[in-house]
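Working through the structure, step by step
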Amino acid sequence: MSNRRPSSARVQPLPEAVEAAKKAMAKSVVNAVNVSATLAHNELVSTGVGRFSRALLFKGSVSPRLRELVILRMGWNCQSIYEFGQHTMFGLDSGLTEAEIYWITRPIVSHGWAAEEAALLQMVDDLHTDDCVSDATWAELAQHFSTADVLEFMAAGLQYRLVSGLLNSCGVERDEGVPGWPSAPTT
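The paragraphs below set out a description of the structure included in this document. (Residues numbered from 1 in each chain as written. Predicted model: local features only at pLDDT ≥ 70, side-chain atom pairs only at ≥ 80, totals over all residues. Heavy atoms only, no water.)

Section: the overall build of the protein chain
What the protein chain contains, in helices and strands, is nine helices and zero strands. Starting at the N terminus, the α and β elements of the protein chain follow one another as α-α-α-α-α-α-α-α-α. In terms of C-alpha radius of gyration, the protein chain reaches 16 Å, essentially the compact-globule figure of 16 Å for 187 residues. With respect to the principal axes defined by its C-alpha atoms, the protein chain has extents near 50 × 40 × 35 Å. Element-wise, carbon and sulfur atoms account for 54% of the exposed surface of the protein chain, whose accessible area totals about 9,800 Å². If the 15 positive side-chain charges of the protein chain are averaged to one point and the 21 negative ones to another, these points end up 7 Å apart. (Helix = DSSP H or I, 4+ residues; strand = E, 2+ residues; numbered from the N terminus. Rg over C-alpha atoms; globule rule 2.2 N^0.38 Å. Areas by Shrake-Rupley, 256 points an atom, 1.4 Å probe, with all protein chains shown as cover. Lys, Arg positive; Asp, Glu negative; His and termini not counted. Charge placed at Lys NZ, Arg CZ, Asp CG, Glu CD.)

Here you go:
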């Protein structure tokens, strides 16, 4: 894992965008004010990233629980604490447990994942390592998901790799109430 993360924000959230984001997210399960207000420095990036992310999160056809498994694994692989924290909240809301969220951060064989879950986690690891899903992983995915679903899962993982890179590089700080890395289960 990299130690090159900035220790403070390199790009400060725009104050006017902070206020707009607070209003827009007043009734949301998450608090993503800092990312919205940071990306607001570039309208094209903010709009493009935001639209695609929202489409994946709210208009996709795959299981939200499995989608969050994919996004959380990519956030962990990218060591994006902001992304991981935000999607911890989404993941809990979509049915993941705190223990599962912890196990997402460990080697796949360390937990008793269902076959389709393990295939998705391996897909993310393949994409993060080589930007290509291996033949073996693809074959396993094909046993559990349609081609359309695999494409959506890959898009979710890769979109949040992009987001993780932006957040890490800009030094976006976690918003109030956003958790950090998970703790090991006590039982």
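Resuming the write-up.
Some thoughts on the packing of aromatic side chains
Taken as a whole and assessed by the stated rule, the structure comprises six aromatic pairs. Between Tyr 102 and Trp 103 the ring centres are 5.1 Å apart and the planes differ by 75°, which places this aromatic pair in the edge-to-face class. Taking the centre distance of 5.1 Å and the plane angle of 70° together, the rings of Phe 145 and Phe 153 count as edge-to-face. For Phe 145, a relative accessible area of 13% puts it in the buried group. By the ring-pair criterion, three or more aromatic residues cluster together here, those being Trp 76, Phe 84 and Trp 181. (Phe/Tyr/Trp six-rings, centres within 6.5 Å; stacked < 30°, edge-to-face > 60°. Buried < 20%, exposed > 50% of the residue type's maximum accessible area, 1.4 Å probe, protein only.)

Some words on the side chain of Glu 152
Counting through the fold element by element, Glu 152 comes out in helix α9 (residues 147-170). Although Glu 152 is buried, it forms no salt bridge, and the closest oppositely charged side chain is Arg 67 at an N-O distance of 6.1 Å. At 3.4 Å, the side chain of Glu 152 and the backbone nitrogen of Val 62 are in polar contact. (Salt bridge = Lys/Arg side-chain N within 4 Å of Asp/Glu carboxyl O. Polar contact = N/O pair within 3.5 Å; in protein donor to acceptor, adjacent residues only side chain to side chain.)

Let's talk about helix α3 (residues 43-58)
End to end, α3 covers 21 Å across 16 residues, agreeing with the expected 22 Å (1.5 Å per residue, within 8%). Taken together, the buried positions of α3 are occupied by Val 49, Gly 50, Ser 53, Leu 56 and Leu 57. Looking straight down α3, one finds that the buried residues subtend no more than 135° of arc, so they occupy a single side. Facing away from the buried side of α3 by over 90 degrees, the exposed positions are Glu 43, Leu 44, Arg 51 and Phe 58. (Expected span 1.5 Å × (residues − 1). Arc of directions from axis to C-beta.)

Concerning unusual backbone geometry
It is generally the case that most residues other than glycine have a negative phi and that most peptide bonds are trans. Of note in the backbone geometry, Gln 79 takes a positive phi value of approximately 50° without being a glycine. Mapped onto the elements, Gln 79 comes out in the loop between α4 (64-77) and α5 (81-93). The buried category is assigned to Gln 79, whose relative accessible area is 16%. Despite not being glycine, Asp 131 has its phi angle at roughly 55°, a positive value. Locating Asp 131 in the fold gives a position in the loop between α7 (115-130) and α8 (135-144).

Thoughts on the pattern of salt bridges
A full pass over the atoms with the stated rule returns five salt bridges. Between Arg 65 and Glu 117 there is a salt bridge, with the nearest N and O atoms lying 2.7 Å from each other. Residue Arg 65 is found in helix α4, and its partner Glu 117 is found in helix α7; the two are separated by 52 residues along the sequence. Both residues of the pair, Arg 65 and Glu 117, count as buried. Here Arg 67 makes a salt bridge to Glu 68, at a shortest N to O gap of 3.1 Å. With respect to class, Arg 67 is no different from Glu 68; both count as buried. Because the salt bridges share partners, they merge into one network encompassing Arg 65, Glu 100 and Glu 117.

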